[in-house]
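Listed here are the chains, written in short residue letters.
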Amino acid sequence: MDINKLLGWVAPLPFGALLGLYWTVHGLVYTLYGTPAQKRDYPLEIVLGLPLAAFCVAIHILIRRITGNNTLYSWIIESVLIGLLIYGFYRS
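Keep in mind that this is a model prediction, so the values were computed, not measured.

A. Representation of the layout of surface pockets in the model. One number sums up the size of the largest pocket: a volume of about 250 Å³. Elements represented by at least two residues in the lining of the largest pocket include exactly α2 (12-33), α4 (43-66) and α5 (71-91). A breakdown of the residues in the lining of the largest pocket according to their chemical character gives eight nonpolar, one polar and no charged. In this structure, the second largest pocket occupies an estimated 170 Å³ of space.

B. Molecular detail of α2. When the terminal C-alpha atoms of α2 are compared, their 32 Å separation across 22 residues agrees well with the 32 Å that a helix rising 1.5 Å per residue should span. Residues of α2 that are buried include every one of Pro12, Leu13, Pro14, Gly16, Ala17, Gly20, Thr24 and Gly27, and no others. Buried residues along α2 sit against α1 (3-9), α4 and α5.

C. Geometry of the packing of α2 against α5. Where α2 contacts α5, the two axes come as close as 8 Å, and the packing angle between them is 50°. Taken as axis vectors, α2 and α5 run oblique relative to one another. On the side of α2, the interface is formed by Pro12, Leu13 and Pro14, while α5 contributes Trp75, Glu78, Ser79 and Ile82.

D. View of the packing of α2 against α4. Closest axis-to-axis distance for the α2/α4 pair is 7 Å, and the angle between their directions is 160°. The angle between α2 and α4 falls in the class roughly antiparallel. Of the two elements, α2 crosses α4, and the hand of that crossing is left-handed. Considered class by class, the residues forming the contact of α2 with α4 number 17 nonpolar, eight polar and one charged.

E. Inspection of the environment of glycine 16 at higher detail. Checked against the element boundaries, glycine 16 lands in helix α2. Separated by 14 residues in sequence, glycine 16 and aspartate 2 place their C-alpha atoms 23 Å apart.

F. The arrangement of the side chain of serine 74 in detail. One can find serine 74 in helix α5. Only 3.4 Å separates the side chain of serine 74 from the side chain of arginine 64, close enough to count as a polar contact. When sequence neighbours within four positions are dropped, the list of residues in contact with serine 74 reads Ile63, Arg64 and Thr67.

G. Highlighting the confidence of the model for the protein. Averaged over all residues, the pLDDT of the protein is 89; the fraction at 70 or higher stands at 99%. Across the protein, the secondary-structure element scoring lowest on mean pLDDT is α1, at 81, and the one scoring highest is α4, at 92.

About the criteria used
Residues numbered from 1 in each chain as written. Predicted model: local features only at pLDDT ≥ 70, side-chain atom pairs only at ≥ 80, totals over all residues. Heavy atoms only, no water. 1 Å grid on protein atoms, 1.4 Å probe; cavity = no way out; pocket = protein on both sides within 12 Å on 5 of 7 lines; lining within 4 Å. Points joined across faces, edges and corners; volume = space filled by probe spheres on them. Helix = DSSP H or I, 4+ residues; strand = E, 2+ residues; numbered from the N terminus. Nonpolar A, V, L, I, M, F, W, Y, C, P; charged D, E, K, R; others polar. Expected span 1.5 Å × (residues − 1). Buried < 20%, exposed > 50% of the residue type's maximum accessible area, 1.4 Å probe, protein only. Contact = heavy atoms within 4.5 Å. Axes fitted to C-alpha atoms, helices over the stretch in contact; angles between N-to-C directions. Parallel < 35°, antiparallel > 145°, perpendicular 65-115°, else oblique. Left-handed = near helix turned anticlockwise from the far one by under 90°. Polar contact = N/O pair within 3.5 Å; in protein donor to acceptor, adjacent residues only side chain to side chain. pLDDT = per-residue confidence, 0-100.

In structure tokens:
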């Protein structure tokens, strides 16, 4: 496998998609097999995890197409976007 292809999929936004999938599975497990309090609280993770995963994958594909599958430029743009999100999160 080519290193550019590998780095194209191991970029910052696919990690956000994996986080969204983890939230979805985690919420689903606690909703199905948790205590009554957990069954009440954890469906929110499912509701928030799926759109996060879909948004991260869609933006990643869009950035890859805009940059012409250039791995360096897509990493730079995605890193700046993630940095701005983290900065906004901690400033709010």
